[in-house]
Number of protein chains: 2
Amino acid sequence: MWTRSLVLSAPGKVILHGEHAVVHGKVALATALNLRTFLRMTPRQDGRVSLQLPNLGSRRSWEAAELRPLLAAVASVELPEAQPPSAEQVEKLKEFAGGDNGQEAVQSVAAAAFLYLYLSVASKCGVMPAVDILVWSELPTGAGLGSSAAYSVCLAGALLSGCGAISYPLQEGQEVARWTKEELDVINRLAFKGEQVIHGNPSGVDNAVSTWGGALRYISGKISALKRVPTLRILLTNTKVPRSTKVLVAGVKAKLLKFPTVMEPMLTSIGAISRECEGILEAMTGEPSQEDYSRLEDLVDINQHLLNGIGVGHALLDRVCEVTSCHGLHSKLTGAGGGGCAITLLRPGTAPSAVEDAIRDLTQCGFECWETVIGAPGVSAHALPCLRAEVQKALQGS
Amino acid sequence: MWTRSLVLSAPGKVILHGEHAVVHGKVALATALNLRTFLRMTPRQDGRVSLQLPNLGSRRSWEAAELRPLLAAVASVELPEAQPPSAEQVEKLKEFAGGDNGQEAVQSVAAAAFLYLYLSVASKCGVMPAVDILVWSELPTGAGLGSSAAYSVCLAGALLSGCGAISYPLQEGQEVARWTKEELDVINRLAFKGEQVIHGNPSGVDNAVSTWGGALRYISGKISALKRVPTLRILLTNTKVPRSTKVLVAGVKAKLLKFPTVMEPMLTSIGAISRECEGILEAMTGEPSQEDYSRLEDLVDINQHLLNGIGVGHALLDRVCEVTSCHGLHSKLTGAGGGGCAITLLRPGTAPSAVEDAIRDLTQCGFECWETVIGAPGVSAHALPCLRAEVQKALQGS
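- You'll find chain A entered in an unreviewed UniProt entry as Mevalonate kinase, with Notechis scutatus given as the organism.
- As its UniProt record puts it under Pathway (unreviewed entry), chain A is described as follows: "Isoprenoid biosynthesis; isopentenyl diphosphate biosynthesis via mevalonate pathway; isopentenyl diphosphate from (R)-mevalonate: step 1/3."

Description of the packing of aromatic side chains
All names here are of chain A.
Right, so step 1: Applying the stated criterion across every chain, the model contains 10 aromatic pairs over all chains.
Right, so step 2: When the ring of W62 is compared with that of F114, the centres are 6.1 Å apart and the planes differ by 15°; the resulting orientation is stacked. Residue W62 is found in strand β4 (residues 58-63), and its partner F114 is found in helix α3 (residues 102-125); the two are separated by 52 residues along the sequence. Of the two residues, W62 and F114, both sit in the buried class.
Right, so step 3: Grouped by ring-pair contacts, the aromatic residues W62, F96, F114 and Y118 constitute a single cluster.

Brief notes about the pattern of salt bridges
Right, so step 1: Applying the stated criterion to the full structure yields 38 salt bridges over all chains.
Right, so step 2: Residues A:R295 and A:E291 are paired through a salt bridge, measuring 3.8 Å at the closest nitrogen-oxygen approach. Of the two residues, A:R295 and A:E291 both sit in helix α9 (residues 290-309), four residues apart, roughly one turn of that helix.
Right, so step 3: Here A:R295 falls in the buried class, since its relative accessible area comes to 18%.
Right, so step 4: In this structure, B:E138 engages B:R388 in a salt bridge whose closest nitrogen and oxygen atoms are separated by 2.9 Å. One end of the pair, B:E138, is in the loop between β5 (131-137) and α4 (147-162); the other, B:R388, is in the loop between β13 (380-382) and α12 (389-396), with 250 residues separating them in the sequence.

A few points about unusual backbone geometry
Right, so step 1: The phi dihedral of A:S220 is positive, around 50°, even though this residue is not glycine.
Right, so step 2: Relative to the helices and strands, A:S220 resides in the loop between β7 (215-219) and β8 (222-225).

Focus on the relation of the copies chain A and chain B
Right, so step 1: Overlay of chain A on chain B (RMSD 0.1 Å): rotation 180°, translation along the axis 0.0 Å. Taken together, the rotation and translation describe the operation of a two-fold axis.
Right, so step 2: When the interface residues of chain A are mapped onto chain B, 100% of them are again interface residues, pointing to one common binding face.

Focus on the domain arrangement of chain A
Residue and element names in this part refer to chain A.
Right, so step 1: Taken domain by domain, chain A comprises domain 1 (6-228 + 377-396) and domain 2 (232-374).
Right, so step 2: A separation of 27 Å is found between the C-alpha centroids of domain 1 and domain 2.
Right, so step 3: Across the contact, 30 residues belong to domain 1 and 39 residues belong to domain 2.
Right, so step 4: In this assembly, domain 1 packs against domain 2 so that about 2,800 Å² is buried in total across both faces, 64% of it on carbon and sulfur atoms.
Right, so step 5: Applying the counting criterion to the domain 1 and domain 2 interface returns four salt bridges.
Right, so step 6: At the junction of domain 1 with domain 2, the criterion picks out 14 residue pairs in polar contact (both at pLDDT 80 or more).
Right, so step 7: Mapped onto the side of domain 1 that touches domain 2, the elements with two or more residues apiece are β1 (6-17), β2 (28-43) and β7.

Basis of the calculations
Residues numbered from 1 in each chain as written. Chains lettered and ligands numbered in written order. Predicted model: local features only at pLDDT ≥ 70, side-chain atom pairs only at ≥ 80, totals over all residues. Heavy atoms only, no water. UniProt positions renumbered as here; feature names shortened; annotations may be inferred. Phe/Tyr/Trp six-rings, centres within 6.5 Å; stacked < 30°, edge-to-face > 60°. Helix = DSSP H or I, 4+ residues; strand = E, 2+ residues; numbered from the N terminus. Buried < 20%, exposed > 50% of the residue type's maximum accessible area, 1.4 Å probe, protein only. Salt bridge = Lys/Arg side-chain N within 4 Å of Asp/Glu carboxyl O. Least-squares fit on C-alpha atoms with pLDDT ≥ 70 in both. Contact = heavy atoms within 4.5 Å. Domains from an automatic or database assignment. Buried area = accessible area lost by both parts, 1.4 Å probe. Polar contact = N/O pair within 3.5 Å; in protein donor to acceptor, adjacent residues only side chain to side chain.

Written as structure tokens, this is what we have:
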């Protein structure tokens, strides 16, 4: 398979409900966001391995032979049940990839994750393949939208297909194809390693939702897929307010210690919103009623107030809610809060003009806005000519 | 005592925490608001009874003898353990008082409440006293601030003191005096009758807080006074948005039926806020710490979000919160919500300039604003010359 070009994509994620409450043992719902990361892997004849990440402005290449000594660094790695990458392994790979501050640090950690996955697969299949890999994403990085997971999933899918550990499912004449449940499981487990290189101790939710697509419920470390999930139209709005997830999580914990009898039921209520929403989504197959959407909107509104109540709101997130509310739309923060992104539900029948007007008003506030869907398919194999022109162009590389 | 002039005042009320949740069996905290209703009762020599209510633009007078036939209408009345006023009694008194639409209806029900209390006391003491009664209030009516209860409490205190059923506690040379616990109980029970005439089926919280002052906890129909309560500076802001308590209460109930697992913990959390606040207030005697105020502010913020979450917020109440937040102050709606009033906590050390600036900004929004305190004394007897000039002037009548 190293002789064939492969094209893959994997979605980002948004938390629909349950952010923060999940830290305290409540249910969260993570959904696949149809802003996708695309990867193109093409064989090379010159024995080199190259990695292009145009979003990061990064382009690196190595002699495959030059990478061989690093195999020792990931020597303990065995697919797929191995230990998490050790701090020493990660350090060694980052050092090899070079650069350790600012944008360079981000490039370096992305390269380290690639090297880890490449070497894992190379060690497994006994070949150091010479390939060009280009990864381009519609997802903004560092916005809590799972861009690193989508990156790891694409890499895992491509490298595992390349070495033949799993099939490459795209048949002649197909536009798009997906892997079997078992293969997705292999991809997910390797992608999780990439996430571990990048984040140290990730929950595994981001790579799972990017692999499986649709929606996942997450509680006390257990991840399971919702049976059937409709794709829901949303607006995703990035307030561009920077925030620290760690600080926000610590703030909720401090408040919980300060006012346990007040805060505990609020977290319980947020968990109940996740469960209620799960029930509505699973019942929404077929012809969703206006009542279903109305209930989803109610839950979005209530949760936004609860998230403000537990202290993870922000004036500009409230602004998103106000602006969209003027157009009859319902919004909540998603993820860590304190800034970052908000999601706005759109009914199937929401007039394009209402959406356009909302986007215009949000943009005028200085926010960045995407109209997309959640509940999107997970990692997919594509026929390059069938992708949007913009994506094809991006995957040509420079 | 009918030969002496009496001057009384009674406070309004604000719900500090627990509005709406109290309907569902959670604790509410009602506090005495130091916007007061004043009453002056002076003996007449001409056998007439007159009632002046300058706030309502109402002035009525009757021959005391002319009221005698009405005694039969309240004949079943016995102080203080009697049945509530029957619909027939109230109807008869309103008919006698005349006027049944618009402003006239309000005047008529106020006169009916007066007549009921007057006849109750007259029947008890066997005299139809000839008196001038003037009631003037700092409280806006119909804003959920307990103006009708303050009116009933003033009337009950004056009439019961007049007939000698209780003492008139003001001694020569005193500025202000209060009744004994037992006497306050008698006043409260009669005032409740006045509230029943006006409201049909009131909870009894408003007259209790106006009688006792300070703060009361209210749960499942049981009212009890907090042991010790500090007076707290507040801003009271009237958004002037009209709303129906009945509609708002029904809205919460509908939401509770729609999303029981989500809503029930939110109401539990609101009840926990009341209990937490109660604990802080009772511990705040002596030298309240900045930490105490910080906790009170936290609870105000959290409850405002919860009240929004259960659906009783309003954009203009959010506006009050935003505007005061710009001056470092913390606000929540009080009472039914959906409009009406908000309270803003002021620390003892809050700079006068911050308060003035906040009031200016709130006034510019079209709101009406009072700087006052909660936890104020209940019904009190006053020496007229010691009252503020504005109050003295109002009590002179026209």
